[in-house]
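Working through the structure, step by step
Take a look at the letters that make up each chain.
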Amino acid sequence: MRAVKLVFTDSFYTLTDFMQLRNIAIIAHVDHGKTTLVDKILHQANVFRENQESGELIMDNNDLERERGITIFSKNAAVYYKGVKINVIDTPGHSDFGGEVERVLKMADGVILLVDAFEGPMPQTRFVLQKALQLNLKPIVVINKVDKPNCRPNEVHDAVFELFFNLDATEEQLNFPTYYGSGKNGWFNDSLTPSQDITPLLDGIIKHVPEPRVSQGPLQLQITSLDYSSFLGRIAVGKVTRGEIREGQQIALVQADGTILKSKVKELYVFENLGKKRAEKVEAGDICAVVGLETFNIGDTIADPEHPEALPVISVDEPTMSMMFSINNSPFFGKDGKFVTSRHLRDRLMKETEKNLAMRVEDTDSADSFLVYGRGILHLGVLIETMRREGYELTVGQPQVIVKYIDGQKMEPYENLVVDVPSEYSGKVIDLVTQRKGELLVMETKGEMQHLEFEIPSRGLIGLRSQMLTNTAGEAVMAHRFVDYKPWKGPIPGRNNGVLISKNQERATAYSIDKLMDRGSFFIEPGDEVYAGQIIGEHVKPGDLVVNVTEGKKLTNMRASGSDDATRIAPKIQMTLEECMEYIQPDECIEVTPKHIRLRKTLLNEEDRKKYQKMMSNG
């Protein structure tokens, strides 16, 4: 959970202090420059003093976001420009966090669609734009990074128009204004001529984005996101769509199942710059944060107690992947983490579903295991990474796609996969994707790059990224989005090589690893503690091999010539959590603790594994 920085001021704030209001969400594909654009808007509106060090990517204040360079949680900021208050909502660009985007778009009245001047519209651009157009939001197109070599702003503009057309945009939406510029260099203009700063874009927001549509009647406010403060507890955030809300007001909370709970607004805040400011009342059209509600979920409606009317419940696309989360039952259980029991694990997962709409948790036959459903490997990976940083220990199994039976036919999720790669590697990419049951739909040349589009079962994407980067010398740029459920495509080949498994529990020695270098490559280094059943490397051949990496060198008082040469050991292979999730097979799992990520067999005992294999082959 994120701590909230609260800005208290002596003066209370009311809506009558300013005349106009604009609510705008910024949507784009990963890495096209959303958060940088928000930085520039904050600077342009003089949120910071002249000499104040603000750093970059100000809105990405979560450690994970800064490390990965992506936005995971949507965030709000508000700036004043020419007497108009502009509420800016920064949204994630990755399709795995689409659930986050879908709900926050409910707070906006217009969207800025940011597109890279070289890459053009990408799969994720299509996904979020479709959601925005369905909500009848007014779009402004911003073509960013026009300072890049071989950029093609005019072609990209045509491609964006075509995308709008394909998504059945209305006549009014097709008539979108376009701005060009470079977020990095700090300018945006309605032509390709560089301007002094981004004022033309801010003027465009005031001109083209409509004021909030306000209907008459008693209070209605839909909770579209959550904040958390260690002082105030859970905070409900949403846009007042009707009436007004005041501090100390009695309200009715209408839940998704129709239950009505009576409650009271303890404190009320509006967004100002990067913080919040206390408010006496907030009128329809503005975005506010409400403190004092005990039990609420995203999608609930805060309404007038006399006339409790609910707004339509927020619907979010279904999850497409599941993973088994279990307690850590390895010999190293409890060494690193604070929260290790199944009760801790269950409470934490249930808490996550309150604010993470696209995630679901189900109990299983075992009290120690839970089935967690999410939108993709990154979506689940971020949850696991967040939990380990909070002090949880757990084991997670191989990601599985969710299969449905429609009219008696087995169906699986399919994705649209887009790969941009230098021309000389395009053959390898096509070969790799077709092996995984993908079909090539589009092949275009963009400068020195080949633009390839495939339709591929979601199963085929598991483990594809690492292989793709290996085969293209790290040059491939991949993006994918969920399309639909289609008939099952049959078996997809998994990992070719077996693994090296530790035979016993002790510290690994340089002597043993050196002797086993010809058997495979290692995920551990001398001095690491290992246990029986832990996966310590990749075998050079198919099939698993149990090895002893803890054997010490036999010491004698005789000196054999040459035997004391320094052992030359190749460095261990470092794998990220997502790479581990893509690497493991059905009989393997990942042990995740605050300090370590280890691969292991689900059954640690070698005899148990042999019995299980025998049973499976007979069964």
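A short tour of the structure in this document, coming up. Nothing here was measured: the structure is a model prediction, and the numbers come from that model. (Residues numbered from 1 in each chain as written. Predicted model: local features only at pLDDT ≥ 70, side-chain atom pairs only at ≥ 80, totals over all residues. Heavy atoms only, no water.)

A ring pair, where both rings are aromatic, is described by two values, the distance of the centres and the angle of the planes. Applying the stated criterion to the full structure yields five aromatic pairs. Members of the aromatic cluster, connected to one another through ring pairs, are Phe 161, Phe 164 and Phe 176. One Lys or Arg, Lys 335, reaches over the ring of Phe 332 and ends 4.4 Å from the middle of that ring. Against the face of Tyr 485 rests Lys 404, its NZ or CZ located 4.4 Å from the ring centre. (Phe/Tyr/Trp six-rings, centres within 6.5 Å; stacked < 30°, edge-to-face > 60°. Lys NZ or Arg CZ within 6 Å of the ring centre and 35° of its normal.)

Once that is clear, we can look at unusual backbone geometry. Of all residues except glycine, most have a negative phi; of all peptide bonds, most are trans. Phi is positive for Asn 136, close to 60°, though the residue is something other than glycine. Looking at where Asn 136 falls in the secondary structure, it is placed in the loop between α4 (123–134) and β5 (138–144). For Asp 407, which is not glycine, the phi dihedral falls at a positive 50°. Looking at where Asp 407 falls in the secondary structure, it is placed in the loop between β23 (404–406) and β24 (409–422). By relative accessible area, which is 80% here, Asp 407 ends up exposed. (Helix = DSSP H or I, 4+ residues; strand = E, 2+ residues; numbered from the N terminus. Buried < 20%, exposed > 50% of the residue type's maximum accessible area, 1.4 Å probe, protein only.)

If you trace the backbone, Ser 330 turns up in the loop between β18 (321–326) and α8 (342–355). Within the structure, Ser 330 has its side chain in polar contact with the side chain of Glu 591 (distance 3.0 Å). In this structure Ser 330 touches Tyr 531, Glu 591, Arg 600 and Leu 604, once residues within four positions along its chain are discounted. (Polar contact = N/O pair within 3.5 Å; in protein donor to acceptor, adjacent residues only side chain to side chain. Contact = heavy atoms within 4.5 Å.)

If you look at the biggest cluster of nonpolar residues, it comprises 38 residues, and the most contacted ones within it are Leu 105, Leu 113, Val 160 and Phe 164. With residues up to four places along the chain from it excluded, the contact list for Phe 164 reads Leu 113, Leu 129, Leu 133, Pro 139, Val 141, Ala 169, Gln 173, Leu 174 and Phe 176. Counting residues in hydrophobic clusters, the runner-up holds 32 residues, among them Ile 377, Leu 383, Ile 384 and Phe 523. (Core = buried A, V, L, I, M, F, W, Y, C linked by side-chain atoms within 4.5 Å.)

Coordinates in, geometry out; function isn't part of it.
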